[in-house]
Amino acid sequence: MKIAVIGLGYVGLTTALGIAELGHKVLGIETDLGKISDLLLSRPHIYEPGLTELLSKHVNNENFLITDDYRELSNGIEFVFICVPTPTSENGSADLTYIDQAIAASKQHLKKESVLIMKSTVPIGTCTKLASNLKNDGLSVVSNPEFLAEGTAVPDFFNPSRIVVGAETEELAKRVLAIFESIVAPNLICDLTSAETIKHASNSFLALKLSFVNEVASLCEETGANAEMVFHGMSFDDRIGDKFLKPGPGWGGSCFPKDTKELAFAAKLYGIEMKTVEAAITSNLAHMNRIKNSFTSQLGAAPKKIAVLGLTFKAGTNDLRESPAIAIAESLADNGYRVVAYDPMVSKFTSDKIEIQDSILQACNDVDGILVLTEWMEFSEIDPNLLDIGNPEKVVVFDTRNILNSSIWSQRFPRFFRIGRSWQNA
Ligand code: UGA
């Protein structure tokens, strides 16, 4: 099949290369010329394990052509995946400018009966409106939400938890499902609005789960319970499951913060208050604040030097969007602390509030406190005895990801704390 993908960001690039790997001819359309030159040299602008290999394979065997010219769509393209960003506007709704631009630029070049497949996460009801607007142009609209997580996007593409296709007719949905024929996964055909809602509700539910997990971890810090044990105990119940039960400094990234706000906003338009989703958002902000306050209450007032380990919103990505680590680090700097940071994926940072260092050893050199905010494996491999620190007795270490070896760390640093464990007897 001849398929186009508009927007070669996190979702678009993975989708385009995944589809090429399935054996289709893919045309990638991207308006950022700098990005195109890098892609043509097999250099993706994002860090995603497995993506560079797929890119060099398909750019070189010509299964994947990249252009900024929408006229290429007239070259026999039957399906167009729309993968452009939908950022949050001031009022919490999604800004659909890029979607509108992509559709306006494509429709004049597409042959009749082509199908626009919405991968971008759009407000509930968007695809139905688009489908009705594009009927006269002979184009159909299908919703095919993505469930790729950053850091595992490539394996997620080939082994998805499910493939959801929302369409106005079953025949149309089946045409789209045929693209993914060789992937073994549960397929779900539904209407457009249900498909859009599945995406929003899934992300909001996961965010809600994490807000709850973080609150339970905070409770354990006060009661003396062992949060890890508590979540393990809960996980035996199939109705709860064993995933997304890891407390952290708060949830972030380009999806959860945006999608929760969007769902809460959209629900109001239909007269429904999604109090649980709103509470999850508020709880997440309060949690980041609590992390900062717990740490500084042990550390004492500024000025003091703090090493922040990890800036990305989670491990396995170089994405800094809506990262709780950055929110917490900047807030510490605002409170007068000197913040030096190390992250294996971050070599420069635009904010002058955080000084970036090239290594863990450099970042931790003679600090008063160490705050671990991203669960990079290399942090778990650090030997704390190698850190050059004047008086380890005084240094406060707080591991918000439970990634450090507590027995080794607490031996070197008596004031070692970790999330979900009592601050009295860590
Ligand atoms: C999320 C969803 O997991 C994907 O299914 C979805 O396709 C994607 O959004 C999207 O809408 O595009 P992603 O944002 O890449 O994926 O990252 P997650 O792995 O879901 O993590 C989100 C946040 O939750 C991170 O800040 C992470 O550190 C945090 N988290 C996750 C925890 O604190 N604990 C956990 O147990 C899991």
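Quick caveat, the model's predicted, so the values are computed rather than measured.

Asker: Before we go on, may I ask you to explain the nonpolar core in this structure?
Answerer: The tendency in soluble globular proteins is for nonpolar side chains to be buried as a group. Ranked by size, the top nonpolar core spans 40 residues in total, and within it Phe64, Phe81, Ile117, Val142, Val176, Ile179 and Phe180 carry the most contacts. The greatest single-element share of this core, amounting to six residues, is contributed by helix H1 (residues 10–21). Apart from the residues lying within four places of it in its own chain, the contact partners of phenylalanine 81 are Ile3, Ala4, Val5, Ile6, Thr15, Ile19, Ile117, Lys119, Asn144, Ile179 and Phe180. Core analysis: the second largest hydrophobic core is formed by 33 residues, Phe231, Leu311, Leu371 and Phe417 among them.

Asker: When you look at the side chain of histidine 24 in this model, what are you seeing that I'm missing?
Answerer: On the secondary structure map, histidine 24 appears in the loop between H1 and strand S2 (25–29). Within the structure, histidine 24 has its side chain in polar contact with the backbone oxygen of isoleucine 179 (distance 2.9 Å). Among residues more than four places away in sequence, those in contact with histidine 24 are Met1, Ile3, Ile19, Asn63 and Ile179.

Asker: Would you mind going over the sheet that holds strand S13 (residues 396–399) with me for this structure?
Answerer: By way of backbone hydrogen bonds, the strands of a sheet pair with one another, either parallel or antiparallel. Strand order in the open sheet formed by six strands is S11-S10-S9-S12-S13-S14, and the pairing between neighbours is parallel. Looking at the sheet topology across the chains shown, the edges are occupied by strand S11 (354–356) and strand S14 (416–418). Sheet twist, expressed as the mean angle between neighbouring strand axes with direction ignored, is 20°. Helix H12 (residues 324–334) contacts strand S9 (305–309), strand S10 (338–342), S11 and strand S12 (369–372) of the sheet and is inclined by roughly 155° relative to S10.

Asker: I keep staring at helix H9 (residues 227–235) and nothing clicks. Help me out?
Answerer: Every α-helix carries 3.6 residues per turn, so stepping three or four residues along brings you back to the same face. Those residues of H9 not exposed but buried are Ala227, Phe231 and Ser235. For H9, the arc enclosing every buried residue in end-on projection is 75°, short of the 170-degree limit, so these residues lie on one face. Looking at the buried positions of H9, the neighbouring elements they touch are helix H8 (192–223).

Asker: I'm lost on unusual backbone geometry in this one. Help?
Answerer: It is generally the case that most residues other than glycine have a negative phi and that most peptide bonds are trans. Between alanine 302 and the following residue, proline 303, the backbone shows a cis peptide bond with an omega angle of 0°. Position of proline 303 among the secondary structure elements: in the loop between helix H11 (275–299) and S9. Its identity is not glycine, yet serine 42 carries a phi of approximately 65°, on the positive side. Along the chain, serine 42 falls in the loop between helix H2 (33–40) and helix H3 (51–60). Exposure remark for serine 42: the relative accessible area of 14% places this residue in the buried category. Of note in the backbone geometry, glutamate 113 takes a positive phi value of approximately 75° without being a glycine. One can find glutamate 113 in the loop between helix H4 (97–107) and strand S5 (115–118).

Calculation notes
- Residues numbered from 1 in each chain as written.
- Predicted model: local features only at pLDDT ≥ 70, side-chain atom pairs only at ≥ 80, totals over all residues.
- Heavy atoms only, no water.
- Core = buried A, V, L, I, M, F, W, Y, C linked by side-chain atoms within 4.5 Å.
- Buried < 20%, exposed > 50% of the residue type's maximum accessible area, 1.4 Å probe, protein only.
- Helix = DSSP H or I, 4+ residues; strand = E, 2+ residues; numbered from the N terminus.
- Contact = heavy atoms within 4.5 Å.
- Polar contact = N/O pair within 3.5 Å; in protein donor to acceptor, adjacent residues only side chain to side chain.
- Pairing = 2+ DSSP bridges.
- Axes fitted to C-alpha atoms, helices over the stretch in contact; angles between N-to-C directions.
- Arc of directions from axis to C-beta.

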